[in-house]
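Descriptive analysis of the structure
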Amino acid sequence: MATGRTHRPATRSRGIPEATVARLPLYLRALTALSERSVPTVSSEELAAAAGVNSAKLRKDFSYLGSYGTRGVGYDVEYLVYQISRELGLTQDWPVVIVGIGNLGAALANYGGFASRGFRVAALIDADPEMAGKPVAGMPVQHTDELEKIIEDNGVSIGVIATPAGAAQQVSERLIAAGVTSILNFAPTVLTVPDGVDVRKVDLSIELQILAFHEQRKAGEGAAAAAAAAAAAQQPVVRASAAGRKGPDGDVPAVMPA
């Protein structure tokens with residue numbers, strides 16, 4: 001089976017925009033769910049709704065893959081699963097190391113979705129000597145002293161950093177020096193890496209802060225709407241009638257003289 005060291009995804013060489021690459025996993029997740037229900041074909045509108053994008057954007061994204069669907073029939077689900085998996089490099093084995101086996105690292109190690117998506121956790125690594133040898137998710141934790149050897153022996157090119165912020169930069173430098181060229185960073189810090197190394201940052205606190213912003217805005221809009229409604233309710237209702245209208249010379253009679 002091929003490893004991540006010798007095979008790289010072909011997306012950039014094919015000129016697929018990064019925004020499209022970022023949406024491909026969304027399409028794959030939706031398509032996998034359809035495949036599991038034995039759905040043979042899907043329209044662009046149905047798939048776009050399942051993936052949370054608009055159908056025009058989906059059709060544009062798929063055009064980069066050379067897949068245009070069939071008018072009146074839609075897209076072949078199984079073929080699209082294969083196409084996107086191949087484009088993302090998921091038809092081969094990608095060994096991954098997780099560095100930092102605290103609560104978050106242990107949770108990642110126990111996540112069952114890696115193997116089904118083409119990723120094999122090759123090693124769990126931690127700097128705490130007391131963690132060495134302890135089983136987590138059925139694997140013994142190994143000490144960071146062995147990091148370089150582990151990467152070389154397993155042909156690892158993807159590293160996951162789940163350490164405290166203060167240790168993340170040093171860990172990233174060791175990973176890169178050992179041959180890792182892609183990093184998924186869960187540490188709450190920005191990593192400085194050389195050209196040619198891809199870093200994806202996952203910061204749960206930032207995501208929560210963004211949600212808090214939207215909640216605050218919704219609460220403010222709700223309060224403003226309530227205040228406007230209350231103000232409108234307090235305004236006196238004036239109903240003009242023919243008998244009560246004022247003219248330039250006083251009251252206008254209900255019936256004008258002939």
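These notes cover the structure that comes with them.

Definitions and cut-offs
- Residues numbered from 1 in each chain as written.
- Predicted model: local features only at pLDDT ≥ 70, side-chain atom pairs only at ≥ 80, totals over all residues.
- Heavy atoms only, no water.
- Pairing = 2+ DSSP bridges.
- Helix = DSSP H or I, 4+ residues; strand = E, 2+ residues; numbered from the N terminus.
- Contact = heavy atoms within 4.5 Å.
- Axes fitted to C-alpha atoms, helices over the stretch in contact; angles between N-to-C directions.
- Phe/Tyr/Trp six-rings, centres within 6.5 Å; stacked < 30°, edge-to-face > 60°.
- Buried < 20%, exposed > 50% of the residue type's maximum accessible area, 1.4 Å probe, protein only.

Focus: the sheet that holds strand β8 (residues 182-185)
Strand order in the open sheet formed by 7 strands is β5-β6-β4-β3-β7-β8-β9, with mixed pairing between adjacent strands. One side of each edge strand has no neighbouring strand; the edge strands of this open sheet are β5 (135-136) and β9 (198-201). With 4 bridges connecting them, strand β7 (residues 158-161) and β8 associate as parallel partners. Residue pairing for β8: Ile-158 is matched across the bridge by Ser-182. Sitting on the sheet, helix α7 (residues 147-154) is in contact with β3 (94-99), β4 (119-126) and β6 (139-143), with an inclination near 165° to β4. Running over the sheet, helix α8 (residues 165-178) touches β3, β7 and β8 and is turned about 170° from β7.

Here we look at the packing of aromatic side chains
Tallied over the entire structure, the rule returns 4 aromatic pairs. Centroid distance Phe-62 to Tyr-75: 5.1 Å. Interplanar angle 85°. Geometry classified as edge-to-face. Taken as a pair, Phe-62 in helix α3 (residues 55-64) and Tyr-75 in strand β2 (residues 75-76) lie far apart in primary sequence, 13 residues in all. Assessed through its relative accessible area of 5%, Tyr-75 is described here as buried. For the pair Tyr-79 and Tyr-82, a centre-to-centre distance of 6.4 Å together with 35° between the ring planes defines the contact as tilted. Remark: Tyr-82 and Tyr-79 occur in helix α4 (residues 77-87); sequence separation between them is 3 residues, near one turn of the helix.

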